Amino acid sequence: MAATTYERLKLHVTPEKFYVEACDDGADDVLVIDRVSTEVTLSVKKDIPPSAVTRPIFGILGTIHLVAGNYLIVITKKTKIGEFFNHVIWKATDFDILSYKKTMLHLTDIQADQRFVWNGHLLREFSAQPEVHRFALPVLHGFITMHSCSINGKYFDWILISRRSCFRAGVRYYVRGIDSEGHAANFVETEQIVHYNGSRASFVQTRGSIPVFWSQRPNLKYKPQPLINKVANHMDGFQRHFDSQVIIYGKQVIINLVNQKGSEKPLEQAFATMVSSLASGMIRYVAFDFHKECKNMRWDRLSILLDQVAEIQDELSYFLVDSAGMVVTSQEGVFRSNCMDCLDRTNVIQSLLARRSLQAQLQRLGVLHVGQKLEEQNEFEKIYKNAWADNANACAKQYAGTGALKTDFTRTGKRTQLGLLMDGWNSMIRYYKNNFSDGFRQDSIDLFLGNYSVDELESHSPLSVPRDLKFLALPIIMVVAFSMCIICLLMAGDTWTETLAYVLFWGVASIGTFFIILYNGKDFVDAPRLVQKEKMD
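Each residue is numbered by its place in its chain's sequence as written, counting from 1. Thresholds applied to this predicted model are a pLDDT of at least 70 for local features of residues and 80 or more for the giving and counting of side-chain atom pairs; totals over whole chains, interfaces and linings are not thresholded and use all residues. Remark: hydrogens and water are excluded; side-chain values derive from all non-hydrogen atoms of the structure.

Caption draft 1: Focus on the overall build of the protein chain. Per the secondary structure count, the protein chain includes 13 helices and 19 strands. Along the first, second and third principal axes, the C-alpha set of the protein chain runs to 90 × 70 × 45 Å. Looking at the protein chain residue by residue over its 537 residues, the buried ones come to 50%. Accessibility throughout is a Shrake-Rupley quantity obtained with a 1.4 Å probe, and a residue counts as covered only by protein chains that appear here. Total accessible area on the protein chain stands at roughly 25,900 Å², and carbon and sulfur atoms take up 58% of it. Charged residues are defined here as Lys and Arg on the positive side and Asp and Glu on the negative side; His and the ends of the chain fall outside this count. The location of each charge is read from NZ of Lys, CZ of Arg, CG of Asp or CD of Glu. Within the protein chain, one finds 59 positive and 57 negative side-chain charges whose respective centroids are separated by 4 Å. Numbering goes from the N terminus for both helices and strands, where a helix is a DSSP run of H or I of at least four residues and a strand is a run of E of at least two. Using a 1.4 Å probe on the protein chains alone, a residue whose accessible area is under 20% of its type maximum counts as buried, one over 50% counts as exposed, and one in between counts as partly exposed.

Encoded structure:
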């Protein structure tokens, strides 16, 4: 976007049109959206009808096409996060959806970095007209925190940003691996920025699902079996993925944290084999069995991995530009970390790598004295650990539905019994959401991003498909049978043989029904109902 986006807007609504008035000082622009033809034009304030209903807004998220018609989505509330290089960072906190005439119009989107513009599909009408760009507001999905910090009496700004890719986006068990274009599921770019005395330093890392074609569909089991596609051309998708990563970021240092035994072992082997077969000098592969190395709460053993990649990290370096605008150092590549979900284990490792880079940056900038350790700066260390834990929670909620696991280590630097209990609670919540509500979440994401195209001729929503009677009957039978088994135990019959017979009958009925449900688990979970334009597992 060439021009600065307007910060203060008013929405004027009439039965025929939406008028979006720019209220910044000296501005006379008015964006006019025809509610019948959906035409978007630029006008001036004098053209706003006096009869229009007026309300303040803070930006246009975009438009969306549904079976029920066309809708304009506007931002109605926002919260200031902070300022960065004289730019204010806002968090959108509330929205409103306004109906207008449905249309067959479909125009393409033009944005800066389409990987991270989540409302790119919604902005397609606006993007086709450069003169109305100042009303369009690209929205990123992820996490950001900004802090003014002090060490040794020297003040600097420390910022942590995670940008979630809108390609192959979705929820934990319904979006794994890569698609045919090489886009990885749960791909997130995380950048740590320091601003001190006009100098700026940055360190970038990425995370993303293991880049082969694999799936792990929910089926009521606590941990569904991962399945690697046996017919897909894995090398084609794998090479597409890393070709794009090398072009964007440079050298790739893969840190694979999955288990090297059990159900995760085939994925680790597949990843290692693909890297070996590609034989690229731009890609290095490091496998570290996180759970094995850190079992019995020996999280101090993470230093083994840090020591192993220390020399590599020094080679990759970080980006640094001085107060005169001269580039002092450049980051030559990134660490690409992953576990199964690219959440809990991944975030722990990323926070440790980022701290090591920050140590070097602050020493070079003169904030830290020679020999000082970042871990010894108690006030900053608290800010740092909490920010990375908050980042972990945000990324986990977006993909898995709950806050992250293992955040007690990220916040305190050690594993605790309370942390284990909280992990157990979050794991139970994840189980419920992944099995019984993620299908609807996946449909919502696909609709928002334009992965599902609404058929204007559809007379009913594909989301309203009735379910078979067995989905209600079998769980009811199981609950009733189990309840009767308990009642028979509490209210004994005339003889113990009679009581035993009743208990066995209802016990067998409840257990048998349970196993029938478990055997047909895929039929009982909440699965997505919208068919995407392209889907490759």
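Caption draft 2: Representation of the pattern of salt bridges in the model. Between Lys or Arg on one side and Asp or Glu on the other, a salt bridge is scored when a side-chain nitrogen of the former is within 4 Å of a carboxyl oxygen of the latter. Counted under the stated rule, the structure contains 23 salt bridges. For Lys80, the salt bridge identified is with Glu83, shortest N-O distance 3.0 Å. Judged by relative accessible area, which is 46%, Glu83 ranks as partly exposed. Here Arg163 and Glu191 are joined by a salt bridge, their closest N and O atoms 2.8 Å apart. One end of the pair, Arg163, is in strand 10 (residues 154-164); the other, Glu191, is in strand 11 (residues 188-196), and 28 residues separate them in sequence. The structure contains a network of salt bridges with shared partners spanning Asp113, Arg115, Arg163, Glu189 and Glu191.

Caption draft 3: Structural detail: helix 6 (residues 344-365). The length a helix should cover is 1.5 Å for every residue beyond the first. Over its 22 residues, helix 6 extends 31 Å from the first C-alpha to the last, a length consistent with the 32 Å expected when each residue adds 1.5 Å. In terms of burial, helix 6 is largely enclosed, as 18 of its 22 residues are buried. At the C-terminal side of helix 6, Gly366 shows a positive phi close to 90 degrees.

What is shown is where atoms sit, not what they do.
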